[in-house]
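So the chains spell out like this:
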Amino acid sequence: MANSVEEKFSLREVLDTFSLCLSENKEVYVQHYVEGWRGLVRFMNSLGSVFSFISKDAVNKIEILVNFLNGENGAHYVTIQSMVKYELDNELVDLTRRDKHPESGCRTLLRLHRALRWLELFLERLRTSSEDSKTSVMCSEAYNESLAQHHAWIIRKAAGTAFWALPGRQTFFDVMNVGTPEQVVAMLGNALPLISEVYNITENLYAQHDLLQLP
Ligand code: 1PZ
């Protein structure tokens, strides 16, 4: 009862997962990246069922990547760098329109990568927020600066509606299960630079190969 696994769940552990993403030579491990996302989805689900259309899409993308990782060419999917090289060298990426490879690892990961930017912007707002700040406002501002630019009107509309259902700042902190607001702020201060680093490395890699607009 009281000490179920659910209750021990803490956003600290989830964000820690992102710190495992980087190899010594700054490559990004797909497995830890995907695990980080699984944790975020678990967190989002605990906020209520209004978010299920968002988490379903994230889960679907996670599964696509896990299938590549566990598939016969899994060795090429160990890092984002090796995945990009393998898929490009073998023409496994639809570059201009979705066609033979509508669910490549590269385009799938790009969707999560864009969402990671939303996360970074949102958590930074949360970190620097005051008691009377509104989570729905922080969330939609972060969304408009990032993901929204890649979403069709109908999705933006649905996302905007879901944001209104976000719990207030204090409840949000409670669900994060990290401790006092001061501890949340400290935890975010530690986690954010790591998330940005993972984001920036991926962004540069995709930019280098001209993959930032994959259909
Ligand atoms: C805590 C509050 C959660 C707010 C999350 C903010 C993000 C809103 C995103 C709305 C996405 C809606 C559903 C599906 C969208 C897909 O069309 C796109 C593009 O994929 P394609 O159609 O090209 O295959 N999918 C995405 O952009 C990936 C979205 C993943 C969002 C994960 C959010 C995780 C939040 C963690 C919470 C801490």
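Anyway, here's the lowdown on the structure attached to this text. Just so it is clear, the structure is predicted and the values come from calculations on it, not from any experiment.

Around the ligand sit 19 residues in total, of which Asp57, Lys61, Arg107, Arg111 and His151 are the nearest. A distance of 2.8 Å separates an oxygen atom of the ligand from a polar atom in the side chain of lysine 61. Side-chain polar atom of arginine 107 to an oxygen atom of the ligand: 2.8 Å apart, as the coordinates give it. In isolation the ligand exposes 830 Å². Once the protein is present, 89% of that is buried. In terms of residue class, the shell around the ligand is built from 14 nonpolar, one polar and four charged.

Axis angle and axis distance: for two packed helices, these are the angle between their axes and the distance between the axes, and together they describe the pair. In contact at an axis separation of 9 Å, helix H5 (residues 80-89) and helix H6 (residues 105-127) are set at 140° when each is read in the N-to-C sense. As judged from the angle between their axes, H5 and H6 are oblique. Two secondary-structure elements touch here, H5 through Ile80, Met83, Val84 and Glu87 and H6 through Gly105, Cys106 and Leu109. Partitioning the contact of H5 with H6 into residue classes produces five nonpolar, one polar and one charged.

Attention now goes to unusual backbone geometry. Residue glutamate 91 is not a glycine yet carries a positive backbone phi of 50°. Tracing the backbone shows glutamate 91 in the loop between H5 and H6. For aspartate 210, which is not a glycine, the phi torsion comes out positive at approximately 60°. Tracing the sequence through the fold places aspartate 210 in the segment after helix H10 (181-208). By relative accessible area, which is 66% here, aspartate 210 ends up exposed.

Reading guide: rules and limits
- The numbering scheme is per chain: residues are counted from 1 as the chain's sequence reads.
- With the structure being a predicted model, the display of local features is reserved for residues of pLDDT at least 70 and the display and counting of side-chain atom pairs for 80 or more, all residues being used for whole-chain, interface and lining totals.
- Each side-chain value is worked out from all heavy atoms of the structure, with water and hydrogens disregarded.
- Only heavy atoms are used to decide nearness, and a residue is near a molecule or strand if one of them lies within 4 Å of it.
- In the analysis that follows, any N or O atom pair within 3.5 Å is treated as a polar contact, provided that within protein one partner can donate a hydrogen and the other can accept it, and provided that, for residues neighboring in sequence, both atoms belong to side chains.
- Residue burial considers only the protein chains on display, and all accessible areas are found by Shrake-Rupley using a 1.4 Å probe.
- Under the scheme applied, nonpolar residues are Ala, Val, Leu, Ile, Met, Phe, Trp, Tyr, Cys and Pro; charged residues are Asp, Glu, Lys and Arg; polar residues are all the others, including Gly.
- For helices, the axis comes from a line fit to the C-alpha atoms of the stretch in contact; other axes are also lines fit to C-alpha atoms, and the angle between any two N-to-C directions lies between 0 and 180 degrees.
- Secondary structure elements follow DSSP: runs of H or I of four or more residues count as helices, runs of E of two or more count as strands, with numbering from the N terminus.
- Any angle that is under 35 degrees is reported as roughly parallel, and any over 145 degrees as roughly antiparallel; angles of 65 to 115 degrees are reported as roughly perpendicular and all others as oblique.
- The contact definition used throughout considers only heavy atoms, calling two residues in contact when any of these lie within 4.5 Å.
- Relative accessibility under 20% of the residue-type maximum defines a buried residue, over 50% an exposed one, and the middle range a partly exposed one, all with a 1.4 Å probe and only protein chains included.

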